Amino acid sequence: QVQLVESGGGLVQPGGSLRLSCAASRITFRFYTMGWYRQAPGKQRELVASITSGGDTNYADSVKGRCTISRDAAKNAVYLQMNSLKPEDTAVYYCNAQHTRASINYWGQGTQVTVSS
């Protein structure tokens with residue numbers, strides 16, 4: 001079974017930083033665009049950042065300049081470095097793998113990020 005396992009979430013003060021990790025298994029990693037989504041209570045799930053197998057990135061306006069997404073093909077992993085965190089960044093963050101040539105989509109279990117003083 002395909003597995004996407006997130007880690008790195010937790011409680012951080014405003015202005016602090018976190019690095020989220022997502023380890024993928026049982027997929028051909030280069031066939032997938034990887035993304036980080038988040039969902040706050042009572043809100044719709046939204047895209048935070050994505051990265052193609054070729055390294056092209058896309059960021060939500062709300063995090064642009066504060067977050068960096070990256071991927072490591074050798075480790076089948078994707079990362080989200082989050083800096084200058086704000087309380088409005090509080091959400092469950094999910095790793096996503098979207099096949100570039102098929103209607104195949106996978107999700108991780110999510111990791112909680114709480115930004116609070």
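Colleague: Any chance you could explain the pattern of salt bridges here in plain terms?
Modeller: Pairing between side chains becomes possible if they bear opposite charge and their charged atoms approach one another. Under the defined criterion, the tally for this structure stands at 4 salt bridges. With a shortest N-O distance of 2.9 Å, Arg38 and Asp89 are connected by a salt bridge. Of this pair, Arg38 sits in strand S4 (residues 32-39) while Asp89 sits in the loop between strand S8 (77-82) and strand S9 (91-99), and the two are 51 residues apart along the sequence. We note that Arg38, like Asp89, is buried.

Colleague: Help me understand the sheet that holds S8, please; the structure alone is not making it clear to me.
Modeller: Backbone-to-backbone hydrogen bonds join strands into a sheet, with any given pair of strands oriented parallel or antiparallel. One open sheet holds the 4 strands; their spatial order is S1-S3-S8-S7, and the pairing between them is antiparallel. Two strands in the sheet have a free side with no partner beyond their single neighbour: strand S1 (3-7) and strand S7 (67-72). The average undirected angle you get between the axes of adjacent strands in this sheet is 15°.

Colleague: Teacher, can you tell me more about unusual backbone geometry here?
Modeller: Residues apart from glycine generally show negative phi values, whereas peptide bonds are mostly found in trans. Located in the positive-phi region is Arg26, a residue other than glycine, with phi close to 65°. You can see Arg26 is positioned in the loop between strand S3 (18-25) and S4. Not every positive phi belongs to a glycine, and Ser84 is a case in point at roughly 50°. Turning to its location among the elements, Ser84 is positioned in the loop between S8 and S9.

Colleague: How should the nonpolar core be read in this particular structure?
Modeller: Grouped burial of nonpolar side chains is what soluble globular proteins tend to show. Judged by nonpolar contacts, the single largest core of 30 residues is most densely connected at Met34, Trp36, Ile69, Val78, Leu80 and Tyr93. Where this core is concerned, the elements lending two or more residues are S3, S4, strand S5 (46-51), S7, S8, S9 and strand S11 (111-115). Among all residues touching Ile69, those that are not within four sequence positions of it are Met34, Gly35, Trp36, Ala49, Ser50, Ile51, Thr57, Tyr59, Val78, Tyr79 and Leu80.

Colleague: Explanation requested: the side chain of Ser21 in the structure shown.
Modeller: Along the chain, Ser21 turns up in strand S3. Excluding anything up to four places from it in sequence, Ser21 contacts Val5, Glu6, Ser7, Trp36, Val78 and Tyr79.

Colleague: How should the environment of Cys22 be read in this particular structure?
Modeller: Looking at the secondary structure, you find Cys22 in strand S3. Remark: the alpha-carbon pair of Cys22 and Pro87, spanning 65 residues in sequence, is separated by 23 Å. Those residues in contact with Cys22, other than ones at most four positions away along the chain, are Leu4, Val5, Glu6, Trp36, Asn76, Ala77, Val78 and Cys95.

Colleague: So what exactly am I meant to see when it comes to the state of the cysteines here?
Modeller: One way to say it: the disulfide is the covalent bond shared by the sulfur atoms of two cysteines. For the coordinates displayed, the defined rule picks out 1 disulfide. Covalently, Cys22 is tied to Cys95 through a disulfide, its sulfur atoms 2.1 Å apart. On the sign convention where negative means left-handed, the S-S torsion of about -80° between Cys22 and Cys95 marks this disulfide as left-handed. On the criterion of sequence distance, the pair formed by Cys22 in strand S3 and Cys95 in strand S9 is long-range, its members being 73 residues apart. For the pair Cys22 and Cys95, one class covers both residues: buried. Cysteine Cys67 is unpaired, with the sulfur of Cys95 as its nearest cysteine sulfur at 15 Å. A residue is classified by how much of its surface remains accessible, and Cys67, at 6% relative accessible area, is buried.

What counts, and where the lines are drawn
- Residues numbered from 1 in each chain as written.
- Predicted model: local features only at pLDDT ≥ 70, side-chain atom pairs only at ≥ 80, totals over all residues.
- Heavy atoms only, no water.
- Salt bridge = Lys/Arg side-chain N within 4 Å of Asp/Glu carboxyl O.
- Helix = DSSP H or I, 4+ residues; strand = E, 2+ residues; numbered from the N terminus.
- Buried < 20%, exposed > 50% of the residue type's maximum accessible area, 1.4 Å probe, protein only.
- Pairing = 2+ DSSP bridges.
- Axes fitted to C-alpha atoms, helices over the stretch in contact; angles between N-to-C directions.
- Core = buried A, V, L, I, M, F, W, Y, C linked by side-chain atoms within 4.5 Å.
- Contact = heavy atoms within 4.5 Å.
- Disulfide = S-S within 2.5 Å.

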